[in-house]
Amino acid sequence: MYLKRLEIVSFGKWKDEVIELTNGFNYLYGPNESGKSSIRMFITYVLFGLSPAERKQYTSLVDGQLGGRVIIHDEGNEYTIERFAHIHRGKRIAYHLGEKLDEEKTDRLLKQVDQYLFESIFSFKDRDLHAIRHKQTEDIGKVLFNLGLTGSDYVVKLEQDLTKDSDKLFKKQGRKPPVNEKLLQLKSLNEEIEKVHAREQQHQTLYQEAKQLEQDIQNLKIEKNRLDTKIGEAQKLLQAKSSIEQVQKLDREMEELLTHSNLTEGLIERYEQVKAKRQEYDERAKVLINKLSSVKDERNRLMEQAKQEHFPFTLEEVQHWAVQLEQKLDQKEDLQAKITEQQFKLNNYLQSVGITLSEEELNSLELTDYTKQTWARLAQDVSLNAEKLSDFERRKRLKLNELKELEEKRAKVDRQAKPSEEIETHQQQLEQLKEKRASQYYEQQLKDQELNQKKELKRFGQIVNVSKWSVGVVTAILITLLLTDVLFQPSLLWTSVVAIIGMFIVFLLHQQSRKISTNADGDREELDNSDEVELNQRIQNLEHVIQEQSELQDQLKEIQMKIDYLNGELREIESERLKIEQQLEKDETKRLEEIEALPLLESYELEQWEEVFEVLTKVQNLITQQRELRSEVDGLQQSIGQLDDQLKRFLSYYINNEELNEHASNIKLVRHYLKYEQDLNEQINYQQNWATELENQLAELKNDYQPYENEMRHMLTETNFENEETLGQAVQDFETYQLKDGQKQEATQSVYNIFQDQADSIIKQSYNWIEIEEQLSQDGHNNDEIQNKIESLRQQLADCTANIRQLEEDGKLSDLIHEKSMVEGEVIELAKQWAVFQTAKGLLQDTKARYQYEYLPKILNFTTKIFNEVTRAAYIDVRFSQEETLIVQHQNGKWFDVKQLSDGTADQLYIALRLALNESLNEAHGFPFVLDDAFVHFDEERKEQMMNILLNQSENQQLIYFSCEPYQFVTNVNEVALLERQASNL
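What counts as what
- Residues numbered from 1 in each chain as written.
- Predicted model: local features only at pLDDT ≥ 70, side-chain atom pairs only at ≥ 80, totals over all residues.
- Heavy atoms only, no water.
- Helix = DSSP H or I, 4+ residues; strand = E, 2+ residues; numbered from the N terminus.
- Buried < 20%, exposed > 50% of the residue type's maximum accessible area, 1.4 Å probe, protein only.
- Areas by Shrake-Rupley, 256 points an atom, 1.4 Å probe, with all protein chains shown as cover.
- Phe/Tyr/Trp six-rings, centres within 6.5 Å; stacked < 30°, edge-to-face > 60°.
- Lys NZ or Arg CZ within 6 Å of the ring centre and 35° of its normal.
- Expected span 1.5 Å × (residues − 1).
- Salt bridge = Lys/Arg side-chain N within 4 Å of Asp/Glu carboxyl O.
- UniProt positions renumbered as here; feature names shortened; annotations may be inferred.
- Pairing = 2+ DSSP bridges.
- Axes fitted to C-alpha atoms, helices over the stretch in contact; angles between N-to-C directions.
- Contact = heavy atoms within 4.5 Å.
- Parallel < 35°, antiparallel > 145°, perpendicular 65-115°, else oblique.
- Left-handed = near helix turned anticlockwise from the far one by under 90°.
- Patch = residues over 30% accessible without salt bridge, like charges linked within 9 Å, V, L, I, M, F, W, Y side chains within 5 Å.
- Lys, Arg positive; Asp, Glu negative; His and termini not counted.
- Charge placed at Lys NZ, Arg CZ, Asp CG, Glu CD.

Some details on the overall build of the protein
Helix and strand counts for the protein come out as 27 helices and 14 strands. A total of 986 residues make up the protein; the buried ones form 36% of that total. For the protein, the computed accessible surface area is about 61,600 Å², with 49% contributed by carbon and sulfur atoms.

Written as structure tokens, this is what we have:
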């Protein structure tokens, strides 16, 4: 069985990841925080589950999911085990070929391995070594011993706890444990009890006497109980005496009533209904009449309090006057606020422009739109002309500066220019040099021809040289053939002739080559006499000089044209400037005229005149508005006085005129008394409406009862009774019968409550009550005598018991006996607890012994083999001692306890034990082995040894090894780079 594939849907930092595993060695590596431990915990979670805290640690923060699947291969079949926190309430579900497996089959698939067995046997991590290192030195051997037995050090802790708990209760040589203390206390009590044993015989005699008295008291109690039963029956009969007599008497009276009554139950029922209705009518009518009287009295009282009928006006008019007065006062306040606000604005406007004129002076100013336009136009003209004049001055300065620069440039160019005679001389020299260069150009063409001839001669020479050698070789061959008479053969004769002709042609070519070479040498000597480079340089210099002078002349012409143009522009600018100055003088004259008309303007710049006009206009408008507002205030004040007089008339009905206050208080009083009168009106109307409603109800009630009144007359006619009183007496007799019947039923029920089923027979019998009472008195007397005997015997028993107590108190016997019983009980309870601990410890030791002798030797053999390989044969044997600790044998024959080994050697021994346990249980379970950085603290040599051991183990068992380093050994394994997968997952 092995894990074939891990399908992580969401677990920790892993999401939608698939990891393929093999049946051999699987090496998963990555740096810290790359998710190694998360994969190991994922396997644990899917197969066995995790605690809530661990599940929360690995739940995704993005989607809140947790879970995945593990694909298992077992005996040629594939199984899927999945677990999701949000599906099936987080339970493990197994499938085979799409069919769901039950828990029993799932456990068989996992070889009955649970989480504890997986973590203690088939899972190993570096933290396990870390935990061993923190054990006490003297405990390491026992820890390793128990690891060899169970794969966990929990047995050591359990055995130590059991020993500690049992020793707390009892030790053979101890004095402090509770059991030891109680046994000593019990021994002391027995000694004291022996001292008072002499008086125990007297105590026994008194005890026997007390027993006999108790027996006599018990016999008397039996007799007393018999009398109590008899007395009880008589008392019950006497208790029911009145009820029995009442039942018998009522039977006789009811028989007499039935003989005098001729009414039917239906008629009586109708009479009772009519009578009930009349009573109901009388009660309701009485209530309504009382309410009506009370309502009318209340209405009259309220009408006396109200003063509205004395008013020459209505309450609505008073309400209207009050509202109007409030509105007028609010309007007056608003107008006064506006006047204040406008006065504030007026002062701000005047202060903003520095005007100190009075309101009459300001209001007398004649300000029109024409004035505003004139001032605005004058300010605009002056500003515009000033800007134009400034612009002309600026343009004039720019033009003058530009003219100055051009004149300086013309002078500079004029200094650089040469006389015209010198320029003509340079042109003549240039023409001469060009003619000379033309002749040199012809010479250059000759030189080019020479070069071409040289190239042809060189190629021709090469051909001639080759031909020389070829002709020589051919000639030698022909001579040889001639000498051997082969040449004269017909097939070779023409060949010889062609070869001779070729030799002649080669000779002519050689002569022509020498001639061409001689001519080329003569032409080269003639061309070498001229200096072409110097001539070209002189021509370029002259052309440059002439070109520069030509450009300078062009620049002079251009500069002169610009100077003439600038002089024309300056004349135009000066003419325009004079026109602007004349216009400014006219504007100044107009300004003085306006100041003369309004001297106020002299204090302001021309640009501010328009602002001053706006301020003066606003001030005049504000003055006009203030006058209008004051006029409105005067009108409101007059209306307020009139309304106030009306309201005072209203208030005069309630208070004196001397007590009237200001307007606001008067309005408050008016509203108060208005509310008072309105409330009275509402209450009067309410009471009137209620009285009307009550009168209507009374009329309706009378109408409702009329049918019952008619029914009563009909019943008198039907029964032939003279009047309603006679009918009522007959009905009363019938009701008396029913009443007596009810009393009879109650009396009968009382008898039944006492005698139950015997009640009927008891009621029918006749009794001599005097005889019954006399017998009850006699039985009571006998009962009292028995009670007195019982009390006498009880007194004797009390005396006997007191003597026994006295003996026990004198000899401390009661205290000693009680204390002894208490101590014995405590010893028994403590002994039970001690026995439980000892039994558990014994069972644990028996189990350890059985495991030690049954399968531990096999584990030790495999541990010895691995330990020997890891230590390079430094240690040759591993055994368990009688002290339940591990001992190892060195190659020199000496034995060492675990606590004598170094930390590294102890780590190797621990790992050897874990691998041995895995090997032993793998034969029975066949479960994968998971290691998480198990050898991270080993050096490279020891780590390689452990890897070789694991590789051998992987042939029989699937191994999943987590490491922070890549695989560095030769053997091929299934490597999984977690960091790359995590990067692709992101």
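A look at the packing of aromatic side chains
In this structure the tally under the stated criterion is 15 aromatic pairs. Centre to centre, the rings of tyrosine 686 and tryptophan 690 are 5.9 Å apart; their planes meet at 45°, and the pair counts as tilted. Placement of the pair is tyrosine 686 and tryptophan 690 together in helix 19 (residues 663-719), with a separation of 4 residues, close to one helical turn. Here the aromatic residues Phe25, Tyr27, Tyr29, Tyr961 and Tyr967 are joined through ring pairs into a cluster of three or more. The ring of tyrosine 45 carries the charged tip of arginine 83 above its face, separated from the ring centre by 5.6 Å.

Overview of helix 14 (residues 369-416)
For helix 14, spanning 48 residues, the distance from its first C-alpha to its last is 69 Å, which sits close to the expected 70 Å at 1.5 Å a residue. For helix 14, every residue scored as buried is listed here: Thr371, Thr374, Trp375, Leu378, Ala379, Asn385, Leu389, Phe392, Lys399, Leu403, Leu406 and Val413.

Notes on the pattern of salt bridges
Summed over all chains, the structure comprises 32 salt bridges. A salt bridge links glutamate 280 to arginine 284; its shortest N-O distance comes to 3.6 Å. Residue glutamate 280 and its partner arginine 284 are both found in helix 11 (residues 265-305); the two are separated by 4 residues, about one turn of the helix. Arginine 284 sits in the partly exposed class, given a relative accessible area of 43%. Arginine 394 is the partner of aspartate 391 in a salt bridge, and the nearest nitrogen-oxygen pair spans 2.4 Å. With a gap of 3 residues between them, aspartate 391 and arginine 394 both fall in helix 14, about one helical turn apart. A relative accessible area of 39% places arginine 394 in the partly exposed class.

Considerations on the UniProt feature "coiled-coil region" (unreviewed entry) in the protein
Taken from the UniProt record, the annotation "coiled-coil region" (unreviewed entry) applies to residues 179-345, 389-443, 532-590, 619-646, 691-718 and 776-810. The straight-line gap between the two end C-alpha atoms of residues 619-646 is 41 Å; of that span, 100% is helix and 0% is strand. The span residues 691-718 shows a helical share of 100% and a strand share of 0%, and its end C-alpha atoms are spaced 41 Å apart.

Quick notes on the sheet that holds strand 13 (residues 959-963)
Note: strands within a sheet are paired through backbone hydrogen bonds, in either parallel or antiparallel orientation. Pairing is parallel across the open sheet formed by 5 strands, whose spatial order is 8-12-13-3-14. Looking at which strands have only one partner, the edges of the open sheet turn out to be strand 8 (123-125) and strand 14 (974-977). Along the sheet, successive strands turn relative to each other by an average axial angle of 15°, direction set aside. In terms of strand pairing, strand 12 (residues 929-932) meets strand 13 through 4 bridges, oriented parallel. Within strand 13, the residue paired with valine 930 across the bridge is isoleucine 960. Helix 1 (residues 36-47) rests against strand 3 (25-29), strand 8, strand 12 and strand 13 of the sheet, and its axis sits at about 150° to strand 13.

A few points about the packing of helix 24 (residues 856-870) against helix 26 (residues 940-953)
Where helix 24 meets helix 26, the closest approach of the two axes is 9 Å, and the angle between their N-to-C directions is 140°. The orientation of helix 24 relative to helix 26 falls into the category oblique. As for the relative orientation of helix 24 and helix 26, their crossing is right-handed in sense. Where helix 24 approaches helix 26, its residues Phe862, Ile866, Glu869 and Val870 are matched on the opposing element by Gln945, Met946, Ile949 and Gln953.

Observations regarding a negative patch on the surface
A cluster of acidic residues, Glu402, Glu405, Glu407 and Glu408, forms a negative patch on the protein surface. With respect to the secondary-structure elements, glutamate 407 resides in helix 14. When its relative accessible area of 37% is taken as the criterion, glutamate 407 is described as partly exposed.

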